[in-house]
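Structural characterization, general
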There are 2 protein chains.
Amino acid sequence: MPIIVQKYGGSSLETIDKIIDIAKRIAKKKSDNYKLVVVLSAMGKTTDYLMDMAFKISKNPSKRELAVLMSTGEQVSIALLSIALNSMGVSAVSYTGSQLNIVTEGFHTASRIADINESIILNEINKNNVVIVAGFQGVNKNNEITILGRGGSDTTAVALAAKLGCKCEIFTDVDGVYTIDPKLHPSAKKLSTISYEEMIELASSGAGVLNVRSIELAEKYNIPLLIALNSGYIEGTMIKELDSTMEKSSITGLAVDNQQAMITLNGVPHDIKIISDIFGQIAKHDINIDMISQTTPINKLVNISFTIPKLDLMTTMKIMENYKNNIFTFSYETFDNISKLSVVGIGMKSQPGVAAKMFEILAENDISVHIITTSEIKISYVINPDKQQTAIEAIAKEFNL
Amino acid sequence: MPIIVQKYGGSSLETIDKIIDIAKRIAKKKSDNYKLVVVLSAMGKTTDYLMDMAFKISKNPSKRELAVLMSTGEQVSIALLSIALNSMGVSAVSYTGSQLNIVTEGFHTASRIADINESIILNEINKNNVVIVAGFQGVNKNNEITILGRGGSDTTAVALAAKLGCKCEIFTDVDGVYTIDPKLHPSAKKLSTISYEEMIELASSGAGVLNVRSIELAEKYNIPLLIALNSGYIEGTMIKELDSTMEKSSITGLAVDNQQAMITLNGVPHDIKIISDIFGQIAKHDINIDMISQTTPINKLVNISFTIPKLDLMTTMKIMENYKNNIFTFSYETFDNISKLSVVGIGMKSQPGVAAKMFEILAENDISVHIITTSEIKISYVINPDKQQTAIEAIAKEFNL
């Protein structure tokens, strides 16, 4: 009897009726002779509701206590699903992160899973119990309740699958991974499979389906990861190890990111010490620089453009002002509305010329590029947002996305 | 710096504003140099809300899972109060029953506290932290979450005070213990002190202020127990060890219980084996017989009256029917509307004649008594409910309650 880890998100647990539906699906799967470990998020908007209460009390609530508060959301879900299963005659037991000894490291509200003691789960599975696990939470070495950082319950599910060496099924409110976000390009195609590498690049380039950390974890332990719709009746997308030479198309997908801002510094001395100092100042403020381009020097001065998360634009501007007034003189421009397009494909490794082809498409459509960065399987472009839709259509057509 | 355990009930935690008010009171007490351990119930109607969800899913929800579900209520309270205190600059840490290792025995949803490891609390107190504890919950030896039986959070508070050897203050929605429930007798007097013994008798005779188990625990460890109003500005009632000879009045209080039903069996053979068998059958169904009276035998037949909780009347009638049809013949009457009055006073020990005085009062007011039971410090009477108010007024007047 194979073990499967399944994860259900908050929107599939919004109401008592939906919880009963999920219980029926699990009962069916159990009757097909699977051993099941089920990871749950909090019901519907519970997490927002709890967060709201905390922030009504304090603008900066204690992180330790925030974790204690938030973790109750998933605890309610696991108890209710377990009650539903037991009432259907399917024996089930719920476990909080703390009970399962999901040991975490780091901050209370942004922890990473360090280890899981899988013996408790194996013991319950051997007693023929469905094991219902609270996602998004753990316990640190001081026995304090912690919650995981981004990726939350997905990470719990993948980490459990990794420990148990089994497949992981993530049920969410999208029915799989598409070549392009269907909201941006309604005729985008759903992928039946995609490689870990490609999915990581897509996710880190703005495709919101899954958090990068979960996919990296799945890749590390080679855990097949299914993304499928809550209802369970539509075939989803399988994320797994794929051989690049078997790929037919050079590009698998296109991700669009509108959450970045760009800053261009004009007239910076062409001195590596100065340039690295500028980026060092920004990094000190925990601001993540994504793309960077630099012009060739003219009169020993260069222009530098880089992108940062939109949310960090004000802070970055303050750092630049300080620099400009105290260190040396330069001017800078900010662009708070840019479009970052990333084409991703494991096929790029074996099929060169994608970058050239992309330039051709953009030139044909009179789209100018502000920054380009490339990795082995991804090329990203910053363009003006008014050209975004034109670029999406042209790229989709050329690469049959 | 003395340690105090305080307990706040659900009605004082109903809203964010009320939680902030409680935090302010605790901050004030802390600034008066007390070391504080604070036990909380769930916010307002949370427990009902959680229970409703469980019973919407199943008429007989898994007890293990019900405990997992219900315990989230107190967990939300402790996190929010701790957030409030920390935001006021008062360092506080929250602990669930499981984190504090409040070890329980018995059923998942009706556990009794077996032991508490007070070292965690002492350690936090020594770090100058206010310790906020989730009431009503613990963990069994299998590391499963449990909830306590009746008395709930009050029991947690008293048990902690017992372990720490300190005073316990229970803040609730009544401002103390009265000679008679003020709803029944508006001119009833509030008691400034009452003995454990008297409070146990009053509570077990229908006075709802505190659960019997909490008071028994306080008596066992000789923990002074203050009952006071949520707002904290009105002097409450102190429950403690009192010397009976120092008492001035023979009766401290009058409790009224309208939750009992009475059954009278007519023509039962005067045979101890038969009578004990009847009560044995009832006990087998976990039905608690409270008062019993038996007439003197006439023709070797006796009449027996006894009281049981109203909720158990149907079951008891079925048992009687079975008995009547299969064992021997007798008739029975049921009275589902009776009034049980109990006068309680430690002074009875040293001042005899209370029973006689009571009979005098009842006779003067033409009130007939169905059953009487007496203990060292309590006399209980079953009367018709239409005479209840007359009896209360007359007893209150006579004993100056």
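Bear in mind that the values here come from a model prediction, so they are computed numbers and not experimental data. (Residues numbered from 1 in each chain as written. Chains lettered and ligands numbered in written order. Predicted model: local features only at pLDDT ≥ 70, side-chain atom pairs only at ≥ 80, totals over all residues.)

**Topic: the overall build of chain A**
Scanning chain A for helices and strands turns up 11 helices and 20 strands. In terms of overall size, chain A behaves like a compact globule, its C-alpha atoms giving a radius of gyration of 24 Å where 401 residues would be expected to give roughly 21 Å. Dimensions of chain A, computed from the C-alpha atoms along their principal axes, are close to 80 × 50 × 30 Å. Considering only intrachain contacts with a sequence separation of at least 6, the fraction spanning at least 24 residues in chain A is 74%. (Helix = DSSP H or I, 4+ residues; strand = E, 2+ residues; numbered from the N terminus. Rg over C-alpha atoms; globule rule 2.2 N^0.38 Å. Contact = placed C-beta atoms within 7 Å.)

**A few points about the interface of chain B and chain A**
With 30 residues of chain B in contact, the opposing surface of chain A contributes 30 residues. Elements represented by at least two residues in the side of chain B that touches chain A include exactly helix H1 (16-31), helix H2 (46-57), helix H3 (63-87) and strand E3 (92-95) of chain B. The leading source of residues in the side of chain B that touches chain A is H3(B), at 15 residues. Of the residues belonging to the side of chain B that touches chain A, the class tally is 16 nonpolar, 11 polar and 3 charged. (Nonpolar A, V, L, I, M, F, W, Y, C, P; charged D, E, K, R; others polar.)

**Regarding the sheet that holds strand E13 (residues 253-257) of chain B**
The strands making up a sheet associate through hydrogen bonds between their backbones, and the pairing can be parallel or antiparallel. All names here are of chain B. With antiparallel pairing, the 4 strands of this open sheet are ordered in space as E13-E18-E20-E19. Sheet topology places E13 and strand E19 (369-374) at the edges, where each strand pairs with a single neighbour. With strand direction ignored, the average angle separating the axes of adjacent strands in the sheet is 15°. The pairing of E19 with strand E20 (residues 378-383) spans 5 bridges and is antiparallel. Each bridged residue has a counterpart across the sheet, and for Thr 373 the counterpart in E20 is Ser 380. (Pairing = 2+ DSSP bridges. Axes fitted to C-alpha atoms, helices over the stretch in contact; angles between N-to-C directions.)

**Focus: the domain arrangement of chain A**
How big an interface is tends to be reported as the loss of accessible area on association of its parts. Here chain A is described as being made up of domain 1 (3-173) and domain 2 (260-335). Inter-centroid distance (C-alpha atoms) of domain 1 of chain A to domain 2 of chain A is 42 Å. (Domains from an automatic or database assignment.)

**What about the packing of H1(B) against H3(B)?**
All names here are of chain B. The geometry of H1 relative to H3 is characterised by a closest axis approach of 9 Å and an angle of 55° between their N-to-C directions. Considering the angle they form, H1 stands oblique to H3. Relative to H3, H1 is oriented so that their crossing is right-handed. Contact residues: Ile 19, Ile 20, Ile 22, Ala 23, Ile 26 and Ala 27 in H1; Leu 80, Leu 81, Ala 84 and Leu 85 in H3. (Parallel < 35°, antiparallel > 145°, perpendicular 65-115°, else oblique. Left-handed = near helix turned anticlockwise from the far one by under 90°.)

**Things to note about the relation of the copies chain B and chain A**
Mapping between the two copies of the chain is achieved by a rotation about an axis and a shift along the axis. Expressed as a screw transformation, the operator carrying chain B onto chain A has a rotation angle of 180° and an axial translation of 0.1 Å, and the superposed copies differ by an RMSD of 0.1 Å. The two molecules are tied by a two-fold rotation axis, judged by turn and shift. It is B:Thr72 whose C-alpha, among those of chain B, lies nearest the rotation axis, at 2.7 Å. Counting the interface residues of chain B, we find that 100% of their copies in chain A are interface residues as well, pointing to one common contact surface. (Least-squares fit on C-alpha atoms with pLDDT ≥ 70 in both.)

**Some words on the nonpolar core**
In terms of nonpolar packing, the biggest core is built from 223 residues, with A:Ile132, A:Val133, B:Ile132 and B:Val133 touching the most fellow members. Not counting residues within four places of it along the chain, the set of residues in contact with A:Ile132 comprises A:Val38, A:Leu40, A:Ile78, A:Leu81, A:Ser82, A:Ala92, A:Val93, A:Ser94 and A:Tyr95. (Core = buried A, V, L, I, M, F, W, Y, C linked by C-beta atoms within 7 Å. Buried ≥ 20, exposed ≤ 12 C-beta atoms within 10 Å, placed from the backbone.)

**As for unusual backbone geometry**
Non-glycine residue A:Asn400 carries a positive phi angle of around 55°. Along the chain, the position of A:Asn400 falls in the segment after helix H11 (388-399). On the neighbour-count criterion, A:Asn400 (10 C-beta atoms within 10 Å) is exposed. With a phi angle near 65°, B:Asn143 is a residue other than glycine that sits in the positive phi range. Relative to the assigned elements, B:Asn143 resides in the loop between strand E7 (137-139) and strand E8 (145-147). Residue classification places B:Asn143 among the partly exposed positions, given that 14 C-beta atoms sit within 10 Å.

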